[in-house]
Amino acid sequence: MDEPATRELEMSLSDGASDDDVSVPLPREGGSHSGSIRKGCDPFAQTQRSKLQHRRARINQQINKEMRMRAGAENLFRATTNNKVKETVALELSFVNSNLQLLKEELEELNSNMEVYQTDSEAVNVPLIPLGLKETKEVDFTVPIQDFICEHYGEDGSVYDKEIKELMELRQAMRTPSRNQAGLELLMEYYNQLYYLDQRFFPPHRNLGVHFHWYDSLTGVPSCQRALAFEKGSVLFNIGALYTQIGARQDRSAAAGIDRAIDAFQRAAGAFNYLKENFSNAPSLDMSGPSLCMLVRLMVAQVQECVFERVTLTTQDTHFTSQLRLAQEAARVSDVYLLVQQTMTQPLMKDYVPFSWASMVQVKSEHFRALSHYYAAAALCDHTLSAEGDEESEKAFVHFYVSPPTGLTLSQVLQDPDKRRKLGKAHLRRAVIRHEEAMRVHGLCKILRKMDILQDVLSLTHKRSLDKYSELDREDDFDETAEAPEIQSQTHQKPDITPPNFSTVQVTDIFQRLGPLSVFCARARWGPVRVISLQRREGGLGLTLRGDSPVLVAGVVPGGCAAEAGLREGDYIVAVDGQDCKWAKHGEVVHMLKSPSDMGVELSVITLHSHDTQQVERRTIMVSNSSNKENTGQHLVGGAKGQSSASLLSWNRRRREGSGITKRLGSTFSLSFGSIRGAEAMY
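In the annotation of an unreviewed UniProt entry, the protein is listed under the name Rhophilin Rho GTPase binding protein 1 and assigned to Mastacembelus armatus. For the record of the protein, the UniProt heading Sequence similarities (unreviewed entry) holds the text "Belongs to the RHPN family."

Here's what the structure looks like:
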């Protein structure tokens, strides 16, 4: 367990309410390639978001400690037969459970602190709901990777210290992403790099022995898995969560800010939906199917809310049809929030979702339904319909209601000002009732009561509806106010669930010095490196080479120099005279073999075991990649491809069958031997 001060520093996410991120570059020390150029946040920056995350980290650690104490006490309670000990343990358990409840309540209050993530703009907009990032403990890859390289690849693991350090620095930076595009790219870079890590060091039916610790985003309950899929899923969750924070911080007083918020929430919905569809059996509740379904619906609802705000902003005129459109857009927002509310009240989610979230969703459902009735009243009562405008208005009015007003025809309503006024008054009555219900629900939640901007929005819209009702009310209205019909919800922009585009961030395999992934992967098995000494004769070396990176010995002439030295068909040449040539092209290896030397030439070769099996397995992986959305573009990878379910322990990557054209991803996969005969030649 990390020390509190250390953990508080490590887990900070330094980004406050301002638009500027305080970031520091990743330290780099050489390596086989340029390495990451992305940055993590400065953990010393004392911004609002950083302080909030410090508190989350401390509470997560305390929850972990209390849960360990409770588990130990429960074991002792079950094991002991001494009644006095049982009484003491029962008392301790009551204290531990009480502490856990207090800690979870404190964490819920932090998760409900939405104002930290909102924009600094003075525009009066309803706050949006962001997610805090999942936190993780530090992981040390050094010993497990070094041991695996030594055992599996037959090389000295310490030679790859720089690569291991680079991987660990990238993961450390990933824990503190800035709240902007750079932070998203940092998370995606690490996510894509996990594909290479999986292929290099995670063979089927075995794990590397590295434990990945992640904390539940909402409850702080720790989960630990050795499956790399858990690491990937948690990073993907944080990509979605970071999009929610970026969306919430946009200035929605201008169309450009609203468009950025819409894009961010659509991408957040896409990340959560991708996680739901591609990963199963999550060990933490925040990544379970019901939770992700709820989050997708919440993101879609927030997109719909932003669409309504943009329509409101861009609708300058107060024409009859424009007001009807606003009413239907508001009804649509209310409907989608009602769907979210129903999802949040499901048995598994009811006690998991923060009370402030459920309250906010209910407030928004009531608030936008009230706005819908208000705009309907404004359309009916504020406009005098001319004869030439009746056709357009009638057309807009046809599908406005779920069912038409009782006892009135469409034309009667449009042509009679008094009937329009009375129907408008009925809409305002329903608007006021909905406003008051929204304010009642708002008043029941202590956290929402602290949000002044939400209070301002609810009060302003309620007062506006009351004032409008007073204008329409007359002393001679002796008839009972009619019940306004339900408004048909409709939108001119349906939200898109935008899946993650991992191809936007290019990565290069950190451990590429191990050799091309087509041969030098965790799934391949080969014998130890053999050193073959060849002496050139008049007939040449007596071998046939084929392919690139690495070059394959396609044939050996019986009785020739190569055959006598012990070279076999199917051997891969990994070095010539001590010079590494795993990545060398066919021509480069030939040039080294032809170089004149009195001492001959010395080849280092390896032989794959179960060659046919390996070939089939590589082809299977390639087909899986071509049909997998995680892997698109050159050098761009992500996802636990080709990995058996057993290797993911209890948190598995769903395997989906698919077919498609095989893509060559840089040097990741080589063509089958039978398809490259043009490169074959005798030497």
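Visitor: Which residues make up the overall build of the protein, and what values go with them?
Guide: The number of helices and strands found in the protein is 20 helices and eleven strands. Residue pairs at least 24 apart in sequence account for 80% of intrachain contacts in the protein once pairs closer than 6 positions are excluded. As displayed, the protein has an accessible area near 29,700 Å², and 50% of this comes from carbon and sulfur atoms.

Visitor: Before we move on, could you go through helix α4 (residues 142-153) and cite the residues and values that matter?
Guide: Every α-helical turn comprises 3.6 residues, leaving residues that sit three or four positions apart pointing alike. The terminal C-alpha atoms of α4, which comprises twelve residues, lie 16 Å apart, in line with the 16 Å expected from a rise of 1.5 Å per residue. Along α4, the positions that sit buried rather than exposed are P144, I145, Q146, F148, I149, H152 and Y153. Along its buried surface, α4 packs onto α5 (161-174) and α6 (181-201).

Visitor: Pulling in residues and values, what's your account of the pattern of salt bridges?
Guide: A complete count under the given rule lists 23 salt bridges for this structure. Close ionic contact of R200 with D509 constitutes a salt bridge, the shortest N to O distance being 2.6 Å. Taken together, the positions of R200 in helix α6 and D509 in the loop between α17 (452-472) and β5 (530-534) put the pair 309 residues apart, joining distant regions of the chain. Classification of R200 by relative accessible area gives buried; the value is 1%. A relative accessible area of 7% means that D509 is categorised as buried. Its salt-bridge partner being E486, residue R369 comes within 3.8 Å of it at the nearest N-O pair. Here R369 is found in helix α12 (residues 355-381), whereas its partner E486 is found in the loop between α17 and β5, with 117 residues between them in sequence. Look at R369 and you get buried, because its relative accessible area is 7%. Assessed through its relative accessible area of 31%, E486 is described here as partly exposed. Several salt bridges converge on common partners, so that one network encompasses D335, R369, R429, R430, E483 and E486.

Visitor: Could you give an account of unusual backbone geometry, naming the residues involved and the relevant values?
Guide: Among all residues save glycine, negative phi is the norm, and among peptide bonds the norm is trans. A cis amide bond, omega -5°, links S549 with the succeeding residue P550. Take P550: it is sitting in the loop between β6 (543-546) and β7 (551-556). Positive phi, close to 55°, is recorded for N281, a residue that is not glycine. Structurally, N281 is set in the loop between α8 (255-278) and α9 (289-314). The backbone of S549 sits at a positive phi, close to 45°, despite the residue not being glycine. Inspection of the secondary structure assignment puts S549 in the loop between β6 and β7.

Visitor: I'd like a rundown of the packing of α4 against α6, residues and numbers included.
Guide: When two helices pack together, their arrangement is given by the angle between the helix axes and the distance between those axes. Closest axis-to-axis distance for the α4/α6 pair is 11 Å, and the angle between their directions is 45°. Relative to α6, the element α4 is oriented oblique. Across the interface between the two elements, I145, F148, I149 and Y153 from α4 touch L197, R200 and F201 from α6. The class makeup of the residues in the contact of α4 with α6 is six nonpolar, no polar and one charged.

Visitor: Account for the packing of aromatic side chains, naming residues and giving values.
Guide: A full pass over the atoms with the stated rule returns 14 aromatic pairs. Look at Y274 and F502: their rings are 5.8 Å apart centre to centre, the planes differ by 65°, and that puts the pair in the edge-to-face class. Highlighted residues: Y274 in helix α8 and F502 in the loop between α17 and β5, separated in sequence by 228 residues. For the pair Y274 and F502, a shared accessibility class is recorded, and that class is buried. Measuring from centroid to centroid gives 5.5 Å for Y374 and Y375, while their planes differ by 70°, and the two rings are edge-to-face. Of the two residues examined, Y374 and Y375, each falls in the buried class.

Visitor: For the pairing of β7, give the residues involved together with the corresponding values.
Guide: For β7, the tally of buried residues reaches five of six residues, placing the bulk of the element in the interior. Here β6 runs beside β7; their pairing, made up of four bridges, is antiparallel. Each residue of the ladder has a partner; that of R546, found in β7, is L552. Taking the residues between adjacent antiparallel strands as the criterion, β6 and β7 are bridged by four residues, where G547 takes a positive phi near 80°. Of the pairings in the sheet, the one linking β7 to strand β8 (residues 571-576) comprises two bridges and is antiparallel in character. The residue bridging V551 from the neighbouring strand is I573, located in β8.

Visitor: How would you summarise the environment of N99 if you had to cite specific residues and measurements?
Guide: Relative to the helices and strands, N99 is located in helix α3 (residues 83-111). Classification of N99 by relative accessible area gives partly exposed; the value is 33%. Sequence-wise, N99 and M67 are 32 residues apart; in three dimensions their C-alpha atoms are separated by 10.0 Å.

Visitor: An account of the nonpolar core is requested, with residue identities and associated values reported.
Guide: Judged by nonpolar contacts, the single largest core of 133 residues is most densely connected at F141, I145, L197, F201 and F511. Both of domain 2 (318-494) and domain 3 (525-611) provide at least three residues apiece to this core. Apart from residues lying up to four places away in sequence, I145 is in contact with I164, L167, L197, F201, L208 and F511. Formed by 21 residues, the second largest nonpolar core is a distinct cluster that contains L543, L545, V551 and C561.

Calculation notes
Residues numbered from 1 in each chain as written. Predicted model: local features only at pLDDT ≥ 70, side-chain atom pairs only at ≥ 80, totals over all residues. Heavy atoms only, no water. UniProt positions renumbered as here; feature names shortened; annotations may be inferred. Helix = DSSP H or I, 4+ residues; strand = E, 2+ residues; numbered from the N terminus. Contact = heavy atoms within 4.5 Å. Areas by Shrake-Rupley, 256 points an atom, 1.4 Å probe, with all protein chains shown as cover. Expected span 1.5 Å × (residues − 1). Buried < 20%, exposed > 50% of the residue type's maximum accessible area, 1.4 Å probe, protein only. Salt bridge = Lys/Arg side-chain N within 4 Å of Asp/Glu carboxyl O. Axes fitted to C-alpha atoms, helices over the stretch in contact; angles between N-to-C directions. Parallel < 35°, antiparallel > 145°, perpendicular 65-115°, else oblique. Nonpolar A, V, L, I, M, F, W, Y, C, P; charged D, E, K, R; others polar. Phe/Tyr/Trp six-rings, centres within 6.5 Å; stacked < 30°, edge-to-face > 60°. Pairing = 2+ DSSP bridges. Core = buried A, V, L, I, M, F, W, Y, C linked by side-chain atoms within 4.5 Å. Domains from an automatic or database assignment.

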